[in-house]
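Chain residues, written in single-letter form:
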Amino acid sequence: MVASHDVVLVGGGGAGLRAAIAIAEANPRLSVAVVSKVYPMRSHTVSAEGGAAGVIRADDSLDEHCYDTISGGDWLSDQDAVEAFVKEAPEELLRLEHWGCPWSREPDGRIGVRPFGGMKKMRTWYAADKTGFHMLHALFQTSLKYRAVARYDEWFVTKLLVDDGRVQGVVAIELRSGRIQPILAKATILCTGGCGRVFPFTTNATIKTGDGMALAYRAGAPLKDMEFMQYHPTGLPFTGILITEAARAEGGWLLNKDGYRYLQDYDLGKPTPKPVLRSMELGPRDRLSQVFVKEMEKGRTIDTPYGPVVNLDLRHLGERVINTKLPFVRELCLKYQNIDPIKEMIPVRPVVHYMMGGVHTDIHGATPLPGLYAAGEVACVSINGANRLGSNSLPELLVFGARAGRAAAEYASSQKEPGPAVVAQAEDERRRLVHDLLQRTDGRERIATVRDAMQKTMEESAGIYRSGPGLAKAADRLGELEEQARRIGLDDHSRTFNTELVTALELQFMVEVARTMVGSALKREESRGAHQRIDFPKRDDQRFLAHSLCRRAADGSCRIEYLPVTITRWPPGERVYGR
Amino acid sequence: MVDRITVEVARYRPEKEAEPSFQAYEVPCRKDWVILDGLNHIKDHLDGTLSYRWSCRMGVCGSCGMTVNGEPKLTCATFLADYAPGPLRVEPLRNFPIIRDVIVDIDDFMQKLSAVKPWLIRDAEKPLAEGEYRQTPAQLDEYKQFSMCINCMLCYSACPVYGLDPEFIGPAAIALAQRYNLDSRDQGARQRDEVLSKHEGIWSCTFVGECTKVCPKHVDPAGAIQRYKLSSAMGSVKDFLMPWRGK
C-alpha cells in the first residue's frame, strides 16, 4: 500500500500539532498527516513544567527578551531568528489561550507571569507547573476539530524518501500490524524532539532518541551546533526526573552540604532572601550546572548511591505557595523521592535536558534539502545558541511550528506528486528492515549492551566538561558501537507491535546522533555556553563565533564546516549575571 | 544482596498464540524501582519479546497503565517493593481489546474523545488583537481539576458500566467534556449535550465511583458525571418550563 498526502509531519508533539493546525488554516484543501510513534498526547512536550516566555507586561520589551536570549546563548544565537521569535511568541501564547489552554491567572483574570532563569523581566506564562502538559493537550484537543488532519498514531518512521534532490515522504512501520509502507508527501516536516537518551542520566522520556536528527542527517541535511547539550541543574537522583526551574523562580535556594548558598562564590550575585532576576538561583542553566561540578571538586556536595547531589530548599516558601505554584514538584518528590518539599530539602544534581543543536533550518523552518522542514527541539534555527534559557523552548515550538507549517504548505501547493522512484526506494527500505533486522538470526549484539556502552561513552566524554583527548577516544569508541548496533540480534521476530524492533532502530539513530555530537565537540576548540573544553577554557570569537554544520560523509564519518552567526543589533559581549 | 521478586506477566502474541497466558520472570526488587523498572529489566536482560508501552516515567504521559494484581495502575508510579515478597501479576488494562502482551487497543476512546468536542467553542472568536479572555483564578478552579486528565485509561479499565456496555462514552471523555463546559471562555455546552445525552450510558452510571478511586491525577470523573447529570436534568426542567429558551 502507498499513502499520499500534501504534507507529512513526523512527530505529534507541540511543534507537530502547531504545524498541523497552521497548515489546515493556511490552506484547508491540503491533506496533512501527523505520523507519530506514540499517540500525540503522549509526546514529550507533556513533561515540560515551568512555563513559556512571551513579553506581555508594560515594564517589559521585546528588546529585553532578545538580549536575555542572546546573552543566555553566549552570542551563538542568530539574532534575526531571535527577533522574529520574541515578536511572535506573545501572539502564539495568546492564540493558545484562545484555544483553551488553562494559563494561571492574576486575581483580575489577566494572564499571570512568573520569573525564570536568565530572564531580566517577569515574562514566563505558566499553567501551574504542568505547562507543557496543558499546552500539549490544548493543542491536541484543538487539532481534533480540523478534519484535514489525518493521524498515523503509533507509526514509526525509518527513512526519508529523497529523489530528484527533494524529500518526497517517509517509510514507516505501523506498529500494531507490523506493516511497512511509504507515506508520500510533497513536503515533510520533522517535529520529533530531542535526543537526551544518548546519555544515561536525562530528564528525557524514553522516546527521545534523536529520530528526526538521524533521519535528516542520513538523507543529506546538515546538523547544526550538535556540541551544545544542556544540563539542567536540578534533576532528582536515580530517576533524572526534572524539578522545574520555577521552583527557584518562586524563591527556592540551592545549598551545598554545609547548607551554604554556594552560587555566591561563582560570580552569580549575592544571596538575598527574595529571588533577584538574572542572579544567583535565577542564573542560566549552563552556569549553574558547571558550578555544581566546581563545588563537587571542592568536596562540598553530598555523596549518595546515585552520585553527588546538592539540596534544593523550598521549605521557606511555605505550604500555600508550593501547593498552588508548584504542585507537580511536590507530587513528584512525594511519589518518586519519598520526601515532602514542604518539610524537607530536595536532593538534586545536573541532568541532561535539552539539545540546543539540531537539523539546520532557516527562520521559516526550511532545511537546505528541498521539501524538508523541521521545528522544535529537533531543529536548530538557531534561537538558543550555546545555551537555551528556561521557558524559551515552549514558545519556540509554537512560533517555529507555525512558521514551518506555513512554509511547507506554500511549498507543497506548488509541487507535483511524488514519483515512482521513491516507491521503489521504499520497497528497498522494507527489504532492509525485514532482512537485516526482523528476520535476521545471526545477529550477535544485544540492544541494552550497546546502548549502555554508548551512554557511558557520552557521559564520560561529552558531559558538562570535555577535553580533546577524551572526545577523540569517544569518537573511536562510537565508531565501534555503530558497527555493533548494525549487528543487533532480536529476540522478537514477530510483526505485531514489535517494540524490540523499534528499540533497535532507535539505537541506530542514537549512535548516529552521538557521533555528530562528539565530532562537533571535538572540532570546537573553545568554551561557550554548554560546551566547556578544559583544554580551551575561553570563548574564542575570532575562530568560533560560528555555527558548526555537521554533514555525513559516505563512510559514515562526519565532516564539520562553519557558518557565521547572524548579528543584527547585539555585538558579542560579556555574559553578566548578578552584578 | 538484593531481594528478588517474581513478576508474572500476561503474554499474548496473536501470530503464535490463540489465548493469553502468563510468563513468570524473576527481577531484582530494589527499594526505588517501580514496576516499569522491573519490566525494563526483563526486556533488556531476560526476554526482548515482551512488549508494553511507556515513555515519560514520571506519571504524566499516560502510556504505561496496566492491571497490577487486579487493580489498574500507572506502572511508572507504582513501586515493586510494595508487592514484596510477590509474586505480582501484571496484565493488560481491562475492558479493552488486547493487541499484544499488555498493549491494549484504545481506538474506542480516541473516537469518543473527538465526539465530545474537546475544544473551546465560541459563538464568535475574539480577535487576537483584543487580548486574552479574562478568567479569574476562581473561574479557572471551576474546571481545572477536569483538565488534569492524562488519558491513561485507568478509569475505563475500572468502570463497571463500560465493561458491560462499550457504547458508554466513559469517565475520561465525560470529564473532558465537562472540562470545557465549565470553562468560562466556552459556549459549546449545548453542542456537547447532544453527544453526552444521546446515549443512555451516562444515566446508567451508578456512581460506584471506581473511576475516581483509580484516577492517578485526582480528576474525579465520577464528580464530573454527577455534575453533568444535575445540570442536564436542570436544563430539561428549564426547557419544559421555559420552552422559548434558545437551543
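Residues numbered from 1 in each chain as written. Chains lettered and ligands numbered in written order. Predicted model: local features only at pLDDT ≥ 70, side-chain atom pairs only at ≥ 80, totals over all residues. Heavy atoms only, no water.

1. Side note on the overall build of chain B
Then step 1. If you tally the helices and strands in chain B, you get 10 helices and seven strands.
Then step 2. Along the first, second and third principal axes, the C-alpha atoms of chain B reach 70 × 40 × 30 Å.
Then step 3. Taken over 247 residues, chain B has a buried fraction of 57%.
Then step 4. In chain B, the proportion of contacts linking residues at least 24 apart, taken out of those at least 6 apart, comes to 63%.
Then step 5. If you sum the accessible surface of chain B, you get close to 10,900 Å²; carbon and sulfur atoms cover 54% of it.
Then step 6. Measuring between centres, the 31 positive side-chain charges of chain B sit 4 Å from its 33 negative side-chain charges. (Helix = DSSP H or I, 4+ residues; strand = E, 2+ residues; numbered from the N terminus. Buried < 20%, exposed > 50% of the residue type's maximum accessible area, 1.4 Å probe, protein only. Contact = heavy atoms within 4.5 Å. Areas by Shrake-Rupley, 256 points an atom, 1.4 Å probe, with all protein chains shown as cover. Lys, Arg positive; Asp, Glu negative; His and termini not counted. Charge placed at Lys NZ, Arg CZ, Asp CG, Glu CD.)

2. Side note on the domain arrangement of chain B
Residues and elements named next belong to chain B.
Then step 1. As assigned here, chain B comprises domain 1 (4-104) and domain 2 (107-246).
Then step 2. The centre of domain 1, based on its C-alpha atoms, is set 31 Å off from the matching centre of domain 2.
Then step 3. Taken over both partners, the interface formed by domain 1 and domain 2 buries close to 990 Å², and the fraction arising from carbon and sulfur atoms is 64%.
Then step 4. Among the residues of domain 1 in contact with domain 2, Pro72, Asn95 and Phe96 are the three that bury the most area, contributing 50% of the side total.
Then step 5. Counting the contacts that link domain 1 with domain 2 gives zero salt bridges.
Then step 6. Joining domain 1 to domain 2, the criterion identifies five residue pairs in polar contact (both at pLDDT 80 or more).
Then step 7. For the side of domain 1 that touches domain 2, the elements supplying multiple residues, two or more each, are β3 (65-68) and β4 (71-74). (Domains from an automatic or database assignment. Buried area = accessible area lost by both parts, 1.4 Å probe. Salt bridge = Lys/Arg side-chain N within 4 Å of Asp/Glu carboxyl O. Polar contact = N/O pair within 3.5 Å; in protein donor to acceptor, adjacent residues only side chain to side chain.)

3. What to know about the interface of chain B and chain A
A common way to state how big an interface is: give the accessible area lost once the parts meet.
Then step 1. Each partner contributes to the interface: chain B provides 68 residues, whereas chain A provides 68 residues.
Then step 2. Across the chain B/chain A interface, buried area totals approximately 5,500 Å², and carbon plus sulfur atoms make up 53% of it.
Then step 3. Of all residues in chain B, Arg57, Met58 and Leu128 of chain B give up the largest surface area on contact with chain A, accounting jointly for 13% of the area buried on that side.
Then step 4. Our count for the contact surface shared by chain B and chain A stands at eight salt bridges.
Then step 5. The salt bridge partner of Arg134 of chain B is Asp108 of chain A, with a shortest N-O separation of 4.0 Å.
Then step 6. Linking chain B with chain A are 38 residue pairs in polar contact (both at pLDDT 80 or more), by the criterion used here.
Then step 7. Broken down by secondary-structure element, the contributors of at least two residues to the side of chain B that touches chain A are α1 (35-46), β6 (98-100), α2 (107-115), α3 (137-144) and α6 (171-181) of chain B.
Then step 8. At five residues, the largest contribution of residues to the side of chain B that touches chain A is made by α1 of chain B.

4. Observations regarding the sheet that holds strand β1 (residues 4-11) of chain B
All names here are of chain B.
Then step 1. If you trace the five strands from one edge of the open sheet to the other, you get β2-β1-β5-β3-β4, paired in mixed fashion. The sheet is open, and its two edges are formed by β2 (21-28) and β4, each paired on a single side. The sheet shows a mean angle of 35° between the axes of neighbouring strands, taken without regard to direction.
Then step 2. When β1 meets strand β5 (residues 88-91), the two strands line up parallel, connected through three bridges. Within the sheet, the bridge partner assigned to Glu8 lies in β5 and is Arg89. (Pairing = 2+ DSSP bridges. Axes fitted to C-alpha atoms, helices over the stretch in contact; angles between N-to-C directions.)

5. Brief notes about the sheet that holds strand β11 (residues 229-235) of chain A
Residues and elements named next belong to chain A.
Then step 1. The strand order across the open sheet formed by four strands is β11-β14-β13-β12, and the pairing between neighbours is antiparallel. Every interior strand has two partners, whereas the edge strands, β11 and β12 (253-255), have only one. For this sheet, the mean inter-axis angle between neighbouring strands, taken without regard to orientation, is 45°.
Then step 2. With five bridges connecting them, β11 and strand β14 (residues 346-355) associate as antiparallel partners. Directly across from Gly235, in β14, lies its bridge partner Arg349.
Then step 3. Across the sheet, helix α7 (residues 285-297) lies against β11, β12, β13 (310-313) and β14, angled at about 65° from β11, the strand it touches most.

6. Concerning α7 of chain A
Three or four residues apart is the spacing at which side chains of an α-helix point the same way, because the helix has 3.6 residues per turn.
Residues and elements named next belong to chain A.
Then step 1. Spanning 13 residues, α7 covers 19 Å between terminal C-alpha atoms, matching the ideal 18 Å at 1.5 Å per step.
Then step 2. Within α7, 10 of the 13 residues are buried, which leaves it mostly tucked inside the rest of the structure.
Then step 3. For α7, every residue scored as buried is listed here: Arg285, Asp286, Arg287, Leu288, Ser289, Gln290, Val291, Phe292, Val293 and Glu295.
Then step 4. Phi for Gly299, located one or two positions after α7, is positive at around 75°. (Expected span 1.5 Å × (residues − 1).)

7. Some details on the pairing of strand β9 (residues 179-190) of chain A
One face of the sheet, then the other: side chains in a regular strand alternate in exactly this way.
All names here are of chain A.
Then step 1. Across the 12 residues that make up β9, a large majority, 11, are buried.
Then step 2. Relative to β9, strand β1 (residues 3-10) is paired through seven bridges, and the arrangement is parallel. Following the sheet pairing, Val10 is matched in β9 by Leu190.
Then step 3. Across six bridges, strand β8 (residues 166-174) lies against β9 in antiparallel orientation. Counted as the bridge partner of Val170 is Ile183 from β9.

8. Considerations on the confidence of the model for chain B
Then step 1. Here chain B shows a mean pLDDT of 92. Residues at 70 or above account for 93%.
Then step 2. Model confidence for the complex: the whole-complex pTM is 0.97, and ipTM, which rates the interface, is 0.96. (pLDDT = per-residue confidence, 0-100.)

9. Things to note about the pattern of salt bridges
All names here are of chain A.
Then step 1. Inspection of every chain in the model, using the stated rule, returns 81 salt bridges over all chains.
Then step 2. Here Arg539 ties to Asp74 by a salt bridge, and the two come within 2.6 Å at their closest N and O atoms. Taken as a pair, Arg539 in the loop between β19 (532-533) and α15 (541-544) and Asp74 in the loop between α2 (62-72) and α3 (79-98) lie far apart in primary sequence, 465 residues in all.
Then step 3. Of the charged contacts, one joins Asp340 and Lys343 as a salt bridge, the two residues approaching to 3.8 Å between their closest N and O atoms.

10. Side note on the nonpolar core
Then step 1. Core analysis: the biggest nonpolar cluster contains 258 residues, and Ile189, Leu190, Ile346 and Met517 of chain A have the highest contact counts within it.
Then step 2. Per element, the largest residue contribution to this core is 13 residues, and it comes from helix α14 (residues 499-523) of chain A.
Then step 3. Two domains each donate at least three residues to this core, and these are domain 1 (4-104) and domain 2 (107-246) of chain B. (Core = buried A, V, L, I, M, F, W, Y, C linked by side-chain atoms within 4.5 Å.)

11. Quick word on the packing of α2 of chain A against α3 of chain A
Residues and elements named next belong to chain A.
Then step 1. Packing of α2 against α3 brings their axes to within 9 Å, and their N-to-C directions diverge by 130°. By the criterion of interaxial angle, the relationship of α2 to α3 is oblique. α2 and α3 meet at a crossing whose hand is right-handed. Touching Leu62, His65, Cys66, Thr69 and Ile70 of α2 are Gln79, Val82, Glu83, Phe85, Val86 and Lys87, all from α3. (Parallel < 35°, antiparallel > 145°, perpendicular 65-115°, else oblique. Left-handed = near helix turned anticlockwise from the far one by under 90°.)

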